[in-house]
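Close look at the chain arrangement
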There are 2 protein chains.
Amino acid sequence: MNEGVHQRRDVGSESGAQTRERLLDAAETMFASRGFAATSVRHVTREAGCNLAAVNYHFGSKLGLYQEVFRRRMDAVREQRLASLRRVAAVEQGPGALEAVLHAFAASFIEPLVDQSHGRTLTELIGREMLDPHLPPQMFRAEIAGPVQQSLSQALRTVTPGLSEEAARQCVQSIVGQLVQAAQRVSRQQATPFSPPALSALVDHIVRFSAGGVRACVPASG
Amino acid sequence: MNEGVHQRRDVGSESGAQTRERLLDAAETMFASRGFAATSVRHVTREAGCNLAAVNYHFGSKLGLYQEVFRRRMDAVREQRLASLRRVAAVEQGPGALEAVLHAFAASFIEPLVDQSHGRTLTELIGREMLDPHLPPQMFRAEIAGPVQQSLSQALRTVTPGLSEEAARQCVQSIVGQLVQAAQRVSRQQATPFSPPALSALVDHIVRFSAGGVRACVPASG
DNA sequence: GAGTATTTCAAACGATCGTATGAAAAGCAA
DNA sequence: TTGCTTTTCATACGATCGTTTGAAATACTC
(Lines give C-alpha, C1' and ligand atoms only; values in the text may rest on other atoms or scores of the structure.)
Protein backbone atom coordinates (compact mmCIF):
# COMPACT_ATOMS: atom_id res chain seq x y z
CA MET A 1 0.00 0.00 0.00
CA ASN A 2 3.03 2.24 0.19
CA GLU A 3 3.85 3.80 -3.15
CA GLY A 4 7.41 4.49 -2.05
CA VAL A 5 7.29 8.26 -1.77
CA HIS A 6 5.73 10.03 1.15
CA GLN A 7 3.35 12.75 0.00
CA ARG A 8 1.71 15.36 2.14
CA ARG A 9 -0.81 17.54 0.38
CA ASP A 10 1.17 20.72 0.84
CA VAL A 11 3.26 22.72 3.22
CA GLY A 12 0.56 24.75 4.84
CA SER A 13 1.89 26.80 7.72
CA GLU A 14 5.28 28.38 8.01
CA SER A 15 6.02 26.65 11.28
CA GLY A 16 5.47 23.35 9.51
CA ALA A 17 8.18 24.15 7.01
CA GLN A 18 10.45 25.33 9.82
CA THR A 19 10.40 22.11 11.78
CA ARG A 20 10.73 20.20 8.53
CA GLU A 21 14.01 21.93 7.82
CA ARG A 22 15.21 21.69 11.40
CA LEU A 23 14.68 17.96 11.08
CA LEU A 24 16.64 17.84 7.82
CA ASP A 25 19.50 19.87 9.30
CA ALA A 26 19.75 17.70 12.38
CA ALA A 27 19.43 14.51 10.37
CA GLU A 28 22.10 15.60 7.90
CA THR A 29 24.60 16.18 10.67
CA MET A 30 23.85 12.97 12.51
CA PHE A 31 23.60 10.68 9.49
CA ALA A 32 26.96 12.08 8.37
CA SER A 33 28.74 11.60 11.68
CA ARG A 34 27.13 8.35 12.84
CA GLY A 35 25.67 6.63 9.81
CA PHE A 36 22.13 5.55 9.05
CA ALA A 37 21.74 2.59 11.36
CA ALA A 38 23.45 4.25 14.32
CA THR A 39 21.32 7.38 14.09
CA SER A 40 17.97 7.05 15.82
CA VAL A 41 14.84 8.98 15.04
CA ARG A 42 14.74 10.00 18.68
CA HIS A 43 18.19 11.55 18.50
CA VAL A 44 17.22 13.53 15.43
CA THR A 45 13.96 14.83 16.83
CA ARG A 46 15.55 15.72 20.15
CA GLU A 47 18.30 17.64 18.33
CA ALA A 48 15.69 19.36 16.19
CA GLY A 49 13.64 20.21 19.25
CA CYS A 50 10.43 18.63 18.10
CA ASN A 51 8.31 15.60 18.71
CA LEU A 52 9.25 12.03 17.93
CA ALA A 53 6.35 11.57 15.56
CA ALA A 54 7.40 14.53 13.42
CA VAL A 55 9.69 12.38 11.30
CA ASN A 56 6.94 9.99 10.31
CA TYR A 57 4.58 12.87 9.75
CA HIS A 58 6.86 14.88 7.50
CA PHE A 59 8.82 12.12 5.77
CA GLY A 60 6.82 8.95 6.24
CA SER A 61 9.69 7.01 7.77
CA LYS A 62 13.30 7.21 8.85
CA LEU A 63 14.33 6.11 5.37
CA GLY A 64 12.20 8.84 3.83
CA LEU A 65 14.02 11.38 5.99
CA TYR A 66 17.37 10.01 4.85
CA GLN A 67 16.46 10.24 1.20
CA GLU A 68 15.15 13.77 1.58
CA VAL A 69 18.42 14.81 3.22
CA PHE A 70 20.16 13.87 -0.03
CA ARG A 71 17.51 15.22 -2.34
CA ARG A 72 17.77 18.64 -0.73
CA ARG A 73 21.49 18.98 -1.47
CA MET A 74 22.06 17.05 -4.67
CA ASP A 75 21.09 19.75 -7.12
CA ALA A 76 23.38 22.30 -5.51
CA VAL A 77 26.33 19.91 -5.42
CA ARG A 78 25.96 18.88 -9.04
CA GLU A 79 25.57 22.46 -10.24
CA GLN A 80 28.59 23.64 -8.31
CA ARG A 81 30.78 20.97 -9.86
CA LEU A 82 29.49 21.53 -13.39
CA ALA A 83 29.69 25.30 -13.17
CA SER A 84 33.33 25.34 -12.11
CA LEU A 85 34.21 23.03 -14.99
CA ARG A 86 32.25 25.06 -17.50
CA ARG A 87 33.87 28.25 -16.32
CA VAL A 88 37.36 26.93 -16.99
CA ALA A 89 36.73 24.99 -20.18
CA ALA A 90 35.39 28.12 -21.83
CA VAL A 91 38.44 30.21 -20.98
CA GLU A 92 41.61 28.15 -20.90
CA GLN A 93 43.59 27.11 -23.92
CA GLY A 94 47.10 25.97 -24.64
CA PRO A 95 49.58 23.83 -22.73
CA GLY A 96 48.40 24.72 -19.22
CA ALA A 97 44.75 24.05 -19.99
CA LEU A 98 44.82 20.52 -18.59
CA GLU A 99 46.17 21.75 -15.28
CA ALA A 100 43.52 24.47 -15.20
CA VAL A 101 40.71 21.98 -15.69
CA LEU A 102 42.11 19.67 -13.05
CA HIS A 103 42.63 22.49 -10.60
CA ALA A 104 39.10 23.76 -11.04
CA PHE A 105 37.64 20.33 -10.45
CA ALA A 106 39.87 19.43 -7.52
CA ALA A 107 39.33 22.76 -5.81
CA SER A 108 35.56 22.56 -6.19
CA PHE A 109 35.78 19.15 -4.60
CA ILE A 110 38.14 19.88 -1.72
CA GLU A 111 37.48 23.46 -0.73
CA PRO A 112 33.87 23.16 0.39
CA LEU A 113 35.19 20.81 3.07
CA VAL A 114 36.63 23.71 5.03
CA ASP A 115 34.79 26.75 3.72
CA GLN A 116 31.20 25.96 4.52
CA SER A 117 30.07 23.55 7.16
CA HIS A 118 27.65 21.87 4.77
CA GLY A 119 30.46 20.70 2.52
CA ARG A 120 32.17 18.61 5.13
CA THR A 121 29.10 16.80 6.35
CA LEU A 122 27.90 16.27 2.82
CA THR A 123 31.15 14.63 1.82
CA GLU A 124 30.98 12.31 4.78
CA LEU A 125 27.37 11.58 3.95
CA ILE A 126 28.25 10.66 0.38
CA GLY A 127 31.10 8.48 1.55
CA ARG A 128 28.76 6.56 3.82
CA GLU A 129 26.13 6.18 1.13
CA MET A 130 28.77 4.73 -1.18
CA LEU A 131 29.58 1.97 1.28
CA ASP A 132 26.15 1.48 2.80
CA PRO A 133 23.53 2.39 0.21
CA HIS A 134 20.06 3.31 1.37
CA LEU A 135 19.08 5.43 -1.61
CA PRO A 136 17.27 4.07 -4.66
CA PRO A 137 20.10 2.75 -6.83
CA GLN A 138 19.60 5.18 -9.69
CA MET A 139 19.19 8.25 -7.53
CA PHE A 140 22.73 8.98 -6.44
CA ARG A 141 24.62 7.87 -9.51
CA ALA A 142 22.15 9.35 -11.95
CA GLU A 143 21.86 12.73 -10.29
CA ILE A 144 25.41 13.43 -9.14
CA ALA A 145 28.11 10.98 -10.09
CA GLY A 146 27.00 10.44 -13.66
CA PRO A 147 26.69 14.02 -14.91
CA VAL A 148 29.76 15.23 -13.08
CA GLN A 149 31.99 12.43 -14.30
CA GLN A 150 30.78 12.75 -17.85
CA SER A 151 31.37 16.48 -17.77
CA LEU A 152 34.90 16.06 -16.45
CA SER A 153 35.58 13.38 -19.02
CA GLN A 154 34.58 15.69 -21.83
CA ALA A 155 36.61 18.57 -20.42
CA LEU A 156 39.68 16.34 -20.24
CA ARG A 157 39.31 15.33 -23.86
CA THR A 158 38.87 18.93 -24.92
CA VAL A 159 42.20 20.00 -23.44
CA THR A 160 44.07 16.76 -24.15
CA PRO A 161 44.42 15.94 -27.84
CA GLY A 162 44.55 12.23 -28.56
CA LEU A 163 42.84 11.10 -25.34
CA SER A 164 40.35 8.41 -26.22
CA GLU A 165 36.88 8.31 -24.72
CA GLU A 166 37.62 5.12 -22.83
CA ALA A 167 40.93 6.46 -21.51
CA ALA A 168 39.24 9.66 -20.40
CA ARG A 169 36.63 7.64 -18.52
CA GLN A 170 39.35 5.71 -16.71
CA CYS A 171 41.27 8.89 -15.91
CA VAL A 172 38.15 10.37 -14.37
CA GLN A 173 37.94 7.38 -12.07
CA SER A 174 41.57 7.85 -11.08
CA ILE A 175 41.05 11.53 -10.37
CA VAL A 176 37.86 11.02 -8.41
CA GLY A 177 39.48 8.22 -6.46
CA GLN A 178 42.29 10.51 -5.36
CA LEU A 179 39.85 13.26 -4.43
CA VAL A 180 37.48 11.07 -2.45
CA GLN A 181 40.34 9.67 -0.45
CA ALA A 182 41.85 13.13 0.08
CA ALA A 183 38.48 14.50 1.13
CA GLN A 184 38.15 11.77 3.72
CA ARG A 185 41.59 12.55 5.09
CA VAL A 186 40.67 16.22 5.35
CA SER A 187 37.32 15.51 6.95
CA ARG A 188 38.85 13.10 9.44
CA GLN A 189 41.16 15.83 10.69
CA GLN A 190 38.52 17.46 12.83
CA ALA A 191 40.75 18.95 15.51
CA THR A 192 43.30 20.62 13.23
CA PRO A 193 41.19 21.73 10.28
CA PHE A 194 43.97 21.65 7.67
CA SER A 195 45.60 25.02 7.26
CA PRO A 196 44.86 26.75 3.94
CA PRO A 197 48.46 26.32 2.72
CA ALA A 198 48.39 22.59 3.46
CA LEU A 199 45.10 22.33 1.62
CA SER A 200 46.50 24.23 -1.31
CA ALA A 201 49.51 21.93 -1.41
CA LEU A 202 47.18 18.94 -1.40
CA VAL A 203 45.25 20.27 -4.37
CA ASP A 204 48.44 21.19 -6.19
CA HIS A 205 49.82 17.69 -5.83
CA ILE A 206 46.64 16.08 -7.12
CA VAL A 207 46.67 18.43 -10.09
CA ARG A 208 50.31 17.69 -10.92
CA PHE A 209 49.98 13.96 -10.41
CA SER A 210 46.78 13.75 -12.42
CA ALA A 211 48.11 15.87 -15.26
CA GLY A 212 51.04 13.50 -15.58
CA GLY A 213 48.67 10.57 -15.39
CA VAL A 214 46.34 11.88 -18.06
CA ARG A 215 49.20 12.67 -20.42
CA ALA A 216 50.58 9.18 -19.88
CA CYS A 217 47.27 7.79 -21.12
CA VAL A 218 47.66 9.45 -24.51
CA PRO A 219 49.17 7.08 -27.08
CA ALA A 220 52.68 8.19 -27.96
CA SER A 221 52.60 10.40 -31.04
CA GLY A 222 55.43 10.75 -33.59
CA MET B 1 36.41 -2.32 35.63
CA ASN B 2 36.95 -3.40 32.03
CA GLU B 3 40.60 -3.26 31.09
CA GLY B 4 39.71 -3.03 27.41
CA VAL B 5 40.83 -6.44 26.24
CA HIS B 6 38.86 -9.59 26.88
CA GLN B 7 41.05 -12.32 28.26
CA ARG B 8 40.10 -15.92 28.72
CA ARG B 9 42.68 -18.06 30.44
CA ASP B 10 43.27 -20.27 27.45
CA VAL B 11 41.63 -22.12 24.63
CA GLY B 12 40.99 -25.37 26.36
CA SER B 13 38.97 -27.70 24.20
CA GLU B 14 39.06 -28.00 20.45
CA SER B 15 35.33 -27.45 20.13
CA GLY B 16 35.82 -24.15 21.91
CA ALA B 17 38.28 -23.01 19.28
CA GLN B 18 35.95 -24.26 16.55
CA THR B 19 32.95 -22.19 17.56
CA ARG B 20 35.26 -19.26 18.16
CA GLU B 21 36.37 -19.37 14.55
CA ARG B 22 32.89 -20.02 13.24
CA LEU B 23 31.86 -16.85 15.05
CA LEU B 24 34.74 -14.91 13.51
CA ASP B 25 33.92 -16.19 10.02
CA ALA B 26 30.25 -15.31 10.32
CA ALA B 27 31.00 -11.94 11.87
CA GLU B 28 33.52 -11.07 9.19
CA THR B 29 31.00 -11.68 6.44
CA MET B 30 28.18 -9.81 8.13
CA PHE B 31 30.20 -6.85 9.38
CA ALA B 32 31.54 -6.47 5.84
CA SER B 33 28.18 -6.58 4.10
CA ARG B 34 26.04 -4.76 6.66
CA GLY B 35 28.35 -2.72 8.85
CA PHE B 36 28.88 -2.75 12.59
CA ALA B 37 25.67 -1.17 13.82
CA ALA B 38 23.40 -3.05 11.43
CA THR B 39 24.87 -6.42 12.33
CA SER B 40 23.35 -7.94 15.44
CA VAL B 41 24.95 -10.44 17.73
CA ARG B 42 21.91 -12.65 17.21
CA HIS B 43 22.45 -12.71 13.45
CA VAL B 44 26.07 -13.68 13.89
CA THR B 45 25.43 -16.44 16.39
CA ARG B 46 22.56 -17.82 14.33
CA GLU B 47 24.78 -17.87 11.24
CA ALA B 48 27.55 -19.53 13.22
CA GLY B 49 25.10 -22.09 14.61
CA CYS B 50 25.80 -21.43 18.25
CA ASN B 51 24.27 -19.78 21.23
CA LEU B 52 23.66 -16.08 21.66
CA ALA B 53 25.88 -15.86 24.71
CA ALA B 54 28.87 -17.28 22.87
CA VAL B 55 29.95 -13.86 21.63
CA ASN B 56 30.16 -12.41 25.10
CA TYR B 57 31.84 -15.52 26.38
CA HIS B 58 34.54 -15.66 23.71
CA PHE B 59 35.04 -11.96 22.97
CA GLY B 60 33.57 -10.10 25.91
CA SER B 61 31.31 -7.95 23.78
CA LYS B 62 30.16 -7.23 20.25
CA LEU B 63 32.95 -4.68 19.93
CA GLY B 64 35.47 -7.25 21.09
CA LEU B 65 34.28 -9.58 18.35
CA TYR B 66 34.64 -6.82 15.78
CA GLN B 67 38.18 -6.03 16.83
CA GLU B 68 39.17 -9.68 16.80
CA VAL B 69 37.83 -10.02 13.25
CA PHE B 70 40.41 -7.44 12.21
CA ARG B 71 43.21 -8.73 14.39
CA ARG B 72 42.90 -12.15 12.84
CA ARG B 73 43.51 -10.88 9.28
CA MET B 74 45.76 -7.87 9.65
CA ASP B 75 49.06 -9.69 9.80
CA ALA B 76 48.34 -11.66 6.65
CA VAL B 77 47.19 -8.60 4.72
CA ARG B 78 50.21 -6.54 5.67
CA GLU B 79 52.64 -9.35 4.89
CA GLN B 80 51.07 -9.99 1.50
CA ARG B 81 51.43 -6.35 0.50
CA LEU B 82 54.97 -6.04 1.75
CA ALA B 83 56.11 -9.32 0.23
CA SER B 84 54.91 -8.44 -3.26
CA LEU B 85 56.72 -5.10 -3.05
CA ARG B 86 59.91 -6.65 -1.75
CA ARG B 87 59.85 -9.26 -4.47
CA VAL B 88 59.79 -6.64 -7.21
CA ALA B 89 62.09 -4.04 -5.70
CA ALA B 90 64.84 -6.62 -5.43
CA VAL B 91 64.62 -7.65 -9.07
CA GLU B 92 63.60 -4.82 -11.33
CA GLN B 93 65.91 -2.14 -12.60
CA GLY B 94 65.96 0.36 -15.42
CA PRO B 95 63.25 2.39 -17.14
CA GLY B 96 60.39 -0.07 -16.62
CA ALA B 97 61.07 -0.52 -12.93
CA LEU B 98 58.51 2.07 -11.84
CA GLU B 99 55.78 0.31 -13.79
CA ALA B 100 56.84 -3.01 -12.29
CA VAL B 101 56.58 -1.68 -8.73
CA LEU B 102 53.21 -0.12 -9.41
CA HIS B 103 51.90 -3.25 -11.06
CA ALA B 104 52.99 -5.44 -8.20
CA PHE B 105 51.31 -3.20 -5.67
CA ALA B 106 48.11 -2.68 -7.65
CA ALA B 107 47.74 -6.35 -8.43
CA SER B 108 48.25 -7.38 -4.81
CA PHE B 109 45.54 -4.91 -3.93
CA ILE B 110 42.98 -5.74 -6.61
CA GLU B 111 43.37 -9.42 -7.33
CA PRO B 112 42.42 -10.81 -3.92
CA LEU B 113 39.02 -9.26 -4.53
CA VAL B 114 38.13 -11.96 -7.03
CA ASP B 115 40.55 -14.75 -6.29
CA GLN B 116 39.79 -15.63 -2.72
CA SER B 117 36.55 -14.87 -0.99
CA HIS B 118 38.33 -13.42 2.03
CA GLY B 119 39.85 -10.63 -0.02
CA ARG B 120 36.57 -9.15 -1.06
CA THR B 121 34.97 -9.08 2.34
CA LEU B 122 38.15 -7.81 3.92
CA THR B 123 38.30 -4.87 1.52
CA GLU B 124 34.72 -3.96 2.28
CA LEU B 125 35.45 -4.31 5.97
CA ILE B 126 38.40 -1.96 5.73
CA GLY B 127 36.37 0.54 3.76
CA ARG B 128 33.71 0.57 6.44
CA GLU B 129 36.24 0.91 9.22
CA MET B 130 37.72 3.92 7.44
CA LEU B 131 34.38 5.73 7.47
CA ASP B 132 33.02 4.40 10.72
CA PRO B 133 35.91 3.61 13.05
CA HIS B 134 35.35 1.17 15.88
CA LEU B 135 38.95 0.04 16.28
CA PRO B 136 41.40 1.67 18.65
CA PRO B 137 42.79 4.58 16.64
CA GLN B 138 46.35 3.31 16.46
CA MET B 139 45.45 -0.27 15.63
CA PHE B 140 44.49 -0.03 11.98
CA ARG B 141 46.84 2.68 10.83
CA ALA B 142 49.78 1.39 12.80
CA GLU B 143 49.46 -2.22 11.75
CA ILE B 144 48.41 -1.99 8.12
CA ALA B 145 48.24 1.42 6.52
CA GLY B 146 51.45 2.76 7.99
CA PRO B 147 53.92 -0.01 7.12
CA VAL B 148 52.43 -0.62 3.68
CA GLN B 149 52.43 3.02 2.67
CA GLN B 150 55.94 3.57 3.94
CA SER B 151 57.16 0.52 2.07
CA LEU B 152 55.56 1.66 -1.17
CA SER B 153 56.94 5.12 -0.68
CA GLN B 154 60.45 3.78 -0.36
CA ALA B 155 60.04 1.50 -3.36
CA LEU B 156 58.88 4.45 -5.46
CA ARG B 157 61.92 6.50 -4.49
CA THR B 158 64.23 3.59 -5.27
CA VAL B 159 63.03 3.31 -8.85
CA THR B 160 62.41 7.04 -9.40
CA PRO B 161 65.54 9.20 -9.16
CA GLY B 162 64.86 12.70 -7.94
CA LEU B 163 61.58 11.94 -6.18
CA SER B 164 61.58 13.67 -2.82
CA GLU B 165 60.39 12.00 0.32
CA GLU B 166 57.43 14.34 0.61
CA ALA B 167 56.47 13.89 -3.03
CA ALA B 168 56.68 10.12 -2.67
CA ARG B 169 54.35 10.28 0.32
CA GLN B 170 51.83 12.27 -1.67
CA CYS B 171 52.10 9.92 -4.64
CA VAL B 172 51.39 6.98 -2.34
CA GLN B 173 48.18 8.69 -1.27
CA SER B 174 47.20 9.21 -4.89
CA ILE B 175 47.88 5.58 -5.76
CA VAL B 176 46.08 4.20 -2.73
CA GLY B 177 43.15 6.50 -3.42
CA GLN B 178 42.76 5.13 -6.92
CA LEU B 179 43.03 1.56 -5.69
CA VAL B 180 40.57 1.92 -2.84
CA GLN B 181 38.00 3.44 -5.18
CA ALA B 182 38.64 0.79 -7.83
CA ALA B 183 38.36 -1.96 -5.24
CA GLN B 184 35.00 -0.63 -4.16
CA ARG B 185 33.79 -0.57 -7.74
CA VAL B 186 34.89 -4.15 -8.19
CA SER B 187 33.37 -5.29 -4.94
CA ARG B 188 30.12 -3.54 -5.70
CA GLN B 189 29.74 -5.54 -8.91
CA GLN B 190 28.49 -8.63 -7.15
CA ALA B 191 26.41 -10.10 -9.94
CA THR B 192 28.97 -9.85 -12.74
CA PRO B 193 32.23 -10.48 -10.92
CA PHE B 194 34.46 -8.53 -13.32
CA SER B 195 35.93 -10.71 -16.01
CA PRO B 196 39.69 -11.30 -15.71
CA PRO B 197 40.47 -9.22 -18.83
CA ALA B 198 38.46 -6.28 -17.50
CA LEU B 199 40.28 -6.56 -14.20
CA SER B 200 43.59 -6.66 -15.98
CA ALA B 201 42.70 -3.56 -17.97
CA LEU B 202 41.78 -1.81 -14.75
CA VAL B 203 45.13 -2.59 -13.18
CA ASP B 204 46.95 -1.61 -16.37
CA HIS B 205 45.29 1.78 -16.44
CA ILE B 206 46.13 2.51 -12.82
CA VAL B 207 49.74 1.53 -13.47
CA ARG B 208 50.01 3.75 -16.55
CA PHE B 209 48.23 6.69 -14.94
CA SER B 210 50.22 6.44 -11.73
CA ALA B 211 53.55 6.07 -13.52
CA GLY B 212 52.81 9.28 -15.40
CA GLY B 213 51.74 10.91 -12.16
CA VAL B 214 54.85 9.89 -10.26
CA ARG B 215 57.15 11.07 -13.04
CA ALA B 216 55.32 14.39 -13.13
CA CYS B 217 56.19 14.86 -9.46
CA VAL B 218 59.93 14.75 -10.15
CA PRO B 219 61.37 18.25 -10.54
CA ALA B 220 62.39 18.85 -14.12
CA SER B 221 66.05 17.98 -14.61
CA GLY B 222 68.48 19.42 -17.18
C1' DG C 1 35.81 -43.72 37.60
C1' DA C 2 35.53 -38.82 40.40
C1' DG C 3 36.49 -33.92 40.35
C1' DT C 4 37.59 -29.67 38.15
C1' DA C 5 37.60 -26.44 34.52
C1' DT C 6 35.81 -25.05 30.18
C1' DT C 7 32.21 -24.36 27.06
C1' DT C 8 27.33 -24.20 25.72
C1' DC C 9 22.73 -23.30 26.57
C1' DA C 10 17.85 -21.34 27.42
C1' DA C 11 15.93 -17.66 29.46
C1' DA C 12 15.50 -13.23 30.98
C1' DC C 13 16.97 -8.20 31.84
C1' DG C 14 16.55 -3.38 30.80
C1' DA C 15 17.13 -0.38 27.05
C1' DT C 16 16.22 1.37 22.71
C1' DC C 17 14.53 0.96 18.27
C1' DG C 18 10.90 2.52 14.27
C1' DT C 19 6.26 3.24 13.91
C1' DA C 20 1.26 4.06 14.89
C1' DT C 21 -2.57 6.40 17.18
C1' DG C 22 -5.72 9.68 18.73
C1' DA C 23 -6.26 13.73 21.03
C1' DA C 24 -4.61 18.63 21.75
C1' DA C 25 -2.67 22.79 19.57
C1' DA C 26 -2.10 25.98 15.95
C1' DG C 27 -3.10 28.04 11.47
C1' DC C 28 -6.31 29.76 8.39
C1' DA C 29 -10.59 30.86 5.59
C1' DA C 30 -15.27 32.08 6.12
C1' DT D 1 -16.14 33.46 16.12
C1' DT D 2 -17.02 28.98 13.62
C1' DG D 3 -15.45 25.10 10.96
C1' DC D 4 -11.85 22.76 8.79
C1' DT D 5 -7.05 21.56 7.86
C1' DT D 6 -2.40 21.19 9.20
C1' DT D 7 0.85 20.40 12.59
C1' DT D 8 2.42 18.94 17.16
C1' DC D 9 2.20 16.19 21.05
C1' DA D 10 2.25 12.41 24.74
C1' DT D 11 1.91 7.78 24.79
C1' DA D 12 1.93 3.12 23.62
C1' DC D 13 3.01 -1.09 20.71
C1' DG D 14 5.73 -4.82 19.25
C1' DA D 15 10.28 -5.91 17.97
C1' DT D 16 15.01 -6.20 18.53
C1' DC D 17 19.06 -4.81 20.64
C1' DG D 18 23.60 -6.11 23.76
C1' DT D 19 24.40 -8.22 27.84
C1' DT D 20 23.87 -11.15 32.07
C1' DT D 21 22.92 -15.25 34.65
C1' DG D 22 22.96 -19.78 36.46
C1' DA D 23 22.41 -24.22 35.28
C1' DA D 24 23.40 -28.08 31.97
C1' DA D 25 26.72 -30.15 29.08
C1' DT D 26 31.20 -31.17 27.67
C1' DA D 27 36.23 -31.69 27.95
C1' DC D 28 40.20 -32.54 30.59
C1' DT D 29 43.17 -34.02 34.74
C1' DC D 30 44.08 -37.20 38.04
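As a reminder, the structure under discussion sits directly above these lines.
These figures come from a predicted structure and were not determined experimentally.

A few points about the packing of aromatic side chains
One pass over the structure, following the stated rule, counts 11 aromatic pairs over all chains. Between Phe31(A) and Phe36(A), the ring centres sit 5.6 Å apart and the planes meet at 20°, which makes this aromatic pair stacked. A relative accessible area of 2% places Phe31(A) in the buried class. Seen in terms of ring centroids, Phe209(A) and Phe209(B) are 6.2 Å apart; in terms of plane orientation they differ by 55°. Their pairing is tilted. Here Phe209(A), found in helix H10 (residues 196-216), pairs with Phe209(B), found in helix H9 (residues 196-216), and the two come from separate chains.

A word on the pattern of salt bridges
Residues and elements named next belong to chain A. Scanning the model with the defined rule gives 24 salt bridges over all chains in all. A salt bridge links Arg-169 to Glu-166, with the nearest nitrogen and oxygen atoms 3.1 Å apart. Here Glu-166 and Arg-169 lie together in helix H9 (residues 165-188), a separation of three residues that amounts to about one turn. For Arg-169, a relative accessible area of 43% corresponds to the partly exposed category. One network of salt bridges, in which partners are shared, links Glu-21, Asp-25, Glu-28, Arg-72 and Arg-73.

Considerations on the packing of H9(A) against helix H8 (residues 165-188) of chain B
Put simply, H9(A) and H8(B) touch, their axes get as near as 7 Å, and they point 105° apart. Put simply, H9(A) runs roughly perpendicular to H8(B). For the pair formed by H9(A) and H8(B), the contact residues are Gln173(A), Ser174(A), Val176(A), Gly177(A), Gln178(A), Val180(A), Gln181(A) and Arg185(A) on the first element and Gln173(B), Ser174(B), Val176(B), Gly177(B), Gln178(B), Val180(B), Gln181(B) and Arg185(B) on the second. Its residues assigned to classes, the contact of H9(A) with H8(B) shows four nonpolar, 10 polar and two charged.

Here we look at the interface of chain B and chain A
At the junction of the two partners, chain B supplies 31 residues and chain A supplies 31 residues. When the two sides are added together, the surface that chain B and chain A hide from each other amounts to roughly 2,800 Å², 58% of it contributed by carbon and sulfur. Counting the contacts that link chain B with chain A gives two salt bridges. One salt bridge connects Arg128(B) with Asp132(A), and the closest N-O pair in it is separated by 3.5 Å. At the boundary of chain B and chain A, one finds nine residue pairs in polar contact (both at pLDDT 80 or more). Only helix H6 (117-131), H8 and H9 of chain B provide two or more residues apiece to the side of chain B that touches chain A.

Considerations on the relation of the copies chain B and chain A
With an RMSD of 0.0 Å, the fit of chain B onto chain A corresponds to turning through 180° and sliding 0.0 Å along the axis. What we have between these two chains is a two-fold relation. The overlap is high: 100% of the interface residues of chain B also sit at the interface in chain A, so the same surface is used on both sides.

Thresholds, definitions, all that
Residues numbered from 1 in each chain as written. Chains lettered and ligands numbered in written order. Predicted model: local features only at pLDDT ≥ 70, side-chain atom pairs only at ≥ 80, totals over all residues. Heavy atoms only, no water. Phe/Tyr/Trp six-rings, centres within 6.5 Å; stacked < 30°, edge-to-face > 60°. Buried < 20%, exposed > 50% of the residue type's maximum accessible area, 1.4 Å probe, protein only. Helix = DSSP H or I, 4+ residues; strand = E, 2+ residues; numbered from the N terminus. Salt bridge = Lys/Arg side-chain N within 4 Å of Asp/Glu carboxyl O. Axes fitted to C-alpha atoms, helices over the stretch in contact; angles between N-to-C directions. Parallel < 35°, antiparallel > 145°, perpendicular 65-115°, else oblique. Contact = heavy atoms within 4.5 Å. Nonpolar A, V, L, I, M, F, W, Y, C, P; charged D, E, K, R; others polar. Buried area = accessible area lost by both parts, 1.4 Å probe. Polar contact = N/O pair within 3.5 Å; in protein donor to acceptor, adjacent residues only side chain to side chain. Least-squares fit on C-alpha atoms with pLDDT ≥ 70 in both.

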